[in-house]
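Fold and contact review
In case you want the letters, here they are:
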There are 2 protein chains.
Amino acid sequence: MLKQARAFETRETIVRAAGLVFSQLSYSTAKLSDIIQESGVTQGALYFHFESKRDLALEVIRRQHEISLGSGEEFLRSDVPGIEGLVLLSRELATQLTTNPIVRAGLRLGTESSNFFPEFARGPYVDWINTSEKFLHKAVAEGDVLPATNVPDVANFVIEAFTGAQMVSQVISEWADLSDRLVRMWELVLNGIVVPERREKYAALPERVRLDVVTAR
Amino acid sequence: MLKQARAFETRETIVRAAGLVFSQLSYSTAKLSDIIQESGVTQGALYFHFESKRDLALEVIRRQHEISLGSGEEFLRSDVPGIEGLVLLSRELATQLTTNPIVRAGLRLGTESSNFFPEFARGPYVDWINTSEKFLHKAVAEGDVLPATNVPDVANFVIEAFTGAQMVSQVISEWADLSDRLVRMWELVLNGIVVPERREKYAALPERVRLDVVTAR
């Protein structure tokens, strides 16, 4: 049992080190030797747990997606209205992106993944679009969003807008202006989907996207 | 003079070949030998015009940006209303993306560029945001968009939404559903910025984004 616990811990150490390395270097630039050095484990230990750099990258993508989608499920189960949950989830994702190397690495690998892991790039986007749909259906049921709203259309649009805001922010400011971009995005999106008589209620919601931690670089 | 014309032609042949190769392979996977083979020129001829793979990639990015921004300038100079120009420009970009290997290669290199060419990634986005602002100022002057609109905010949002729609479409369908995504994006965006009494006038505009050529792959 002790041996198993130690093996588990070594594996976690390697995944954390891979997150750090892949968040700083591109997939093609990063070397297994960088991850070995960062983790402090032996080459043998790394190969015991992971067959290749590709294997490690896929584990980082899987973890990032688990961490990020997990926050979505929490908000969905909570008492928070759907529309508020969707906005606060984007705040949570932005926080993870700027503070958690595994999330940053997973997202970076995901951007590169249409090249290196085409078969793994599609799933996360589909999951996010589905999650966004669940929040919007909840918001329709709660009377915050017009019943005539085409929920799949708006769900796709929200994920595209978040993806784009995050990408433009990365290129222009290394994510330093991400909260500004998200506040503006939500002001425009909510204005288009919240029923007029509830706009006042949610007028201050976009501002709540602002992160306490701007960047953890 | 004949020699100069021939040199110019060789250079163009190399750039076209680089566009084809970089549109199919990632920057790190593509080799100069692939480009030499695709172009049919000698290694010596290639090195006469370009020092390195990096040099060639930067030329492809520069060309793509020139081609795409050029269409923007044309629409701005024309009699087309600003709001219509902005929508039709996105159609033009989507067409270029699906039919012109240099544009596809430039965009692909641009996505990878936060890793390989961080210093060249920022400029194109800033140019696009500025172009989007010009269209929106025109639209405000023409009375199609509310004068109270925060033009820089909406301009940024439009570029983010297009970037995201293009990325999600690439990952999910290799751009096959790009026109569907753009139609939906414009329906939602126009609904948020066009003055109520002009909505009828522009109700059919988003549908005009649909491409004749879905994909040229």
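Here the structure is a predicted model, which is why all the values come from computation and not from measurement.

1. With respect to the overall build of chain A
Helix and strand counts for chain A stand at nine helices and zero strands. Its C-alpha atoms give chain A principal-axis dimensions of about 65 × 40 × 30 Å. Taking all 217 residues of chain A together, the buried fraction comes to 53%. Long-range pairs, those at least 24 residues apart, make up 72% of the contacts in chain A with a sequence separation of at least 6. Looking at chain A as shown, the accessible area adds up to about 9,800 Å², and 54% of this sits on carbon and sulfur atoms. Treating the 24 positive side-chain charges of chain A as one cloud and the 29 negative ones as another, the clouds have centres 4 Å apart.

2. So, the UniProt feature "domain: HTH tetR-type" (unreviewed entry) in chain A
Sites flagged by UniProt as "domain: HTH tetR-type" (unreviewed entry) map to residues 8-68 of chain A. In residues 8-68 of chain A, helix accounts for 79% and strand for 0%; the two terminal C-alpha atoms are 22 Å from one another.

3. Notes on the interface of chain B and chain A
Taken together, the 35 residues of chain B in the interface contact 35 residues of chain A. Carbon and sulfur atoms supply 66% of the area buried between chain B and chain A, which totals about 3,100 Å² over both sides. Counting every contact that joins chain B to chain A gives four salt bridges. Across the salt bridge formed by Glu-160 of chain A and Arg-184 of chain B, the nearest N and O atoms sit 2.7 Å from each other. Joining chain B to chain A, the criterion identifies nine residue pairs in polar contact (both at pLDDT 80 or more). Among the elements of the structure, helix H6 (101-116), helix H7 (118-141), helix H8 (151-173) and helix H9 (178-193) of chain B are those that each provide at least two residues to the side of chain B that touches chain A.

4. Section: helix H1 (residues 2-24) of chain A
Under the 1.5 Å per step criterion, the end-to-end length of H1 of chain A is 33 Å for 23 residues, consistent within 8% with the ideal 33 Å. The complete set of buried residues in H1 of chain A reads Glu-12, Ile-14, Val-15, Ala-17, Ala-18, Gly-19, Val-21, Phe-22 and Ser-23 of chain A.

5. Side note on the relation of the copies chain B and chain A
After a rotation of 180° and a shift along the axis of 0.0 Å, chain B superposes on chain A with an RMSD of 0.0 Å. Accordingly, the operation relating the two chain copies is best matched by a two-fold axis. Within chain B, Gly-164 of chain B has its C-alpha nearest the rotation axis, a separation of 1.9 Å. When you check the interface residues of chain B against chain A, 100% turn up at the interface there too, and the contact is symmetric in its surfaces.

6. Comments concerning helix H2 (residues 32-39) of chain A
Two residues of an α-helix separated by three or four positions point the same way, owing to the 3.6 residues in each turn. Residue and element names in this part refer to chain A. Among all positions in H2, only Leu-32, Ile-35, Ile-36 and Ser-39 are buried. Axial view of H2: buried residues confined to an arc of 100°, hence all on one face. On its buried face, H2 sits against H1, helix H3 (43-49) and helix H4 (53-77). Following H2 by one or two positions, Gly-40 adopts a phi angle in the positive range, close to 80°.

Cut-offs used in this document
- Residues numbered from 1 in each chain as written.
- Chains lettered and ligands numbered in written order.
- Predicted model: local features only at pLDDT ≥ 70, side-chain atom pairs only at ≥ 80, totals over all residues.
- Heavy atoms only, no water.
- Helix = DSSP H or I, 4+ residues; strand = E, 2+ residues; numbered from the N terminus.
- Buried < 20%, exposed > 50% of the residue type's maximum accessible area, 1.4 Å probe, protein only.
- Contact = heavy atoms within 4.5 Å.
- Areas by Shrake-Rupley, 256 points an atom, 1.4 Å probe, with all protein chains shown as cover.
- Lys, Arg positive; Asp, Glu negative; His and termini not counted.
- Charge placed at Lys NZ, Arg CZ, Asp CG, Glu CD.
- UniProt positions renumbered as here; feature names shortened; annotations may be inferred.
- Buried area = accessible area lost by both parts, 1.4 Å probe.
- Salt bridge = Lys/Arg side-chain N within 4 Å of Asp/Glu carboxyl O.
- Polar contact = N/O pair within 3.5 Å; in protein donor to acceptor, adjacent residues only side chain to side chain.
- Expected span 1.5 Å × (residues − 1).
- Least-squares fit on C-alpha atoms with pLDDT ≥ 70 in both.
- Arc of directions from axis to C-beta.

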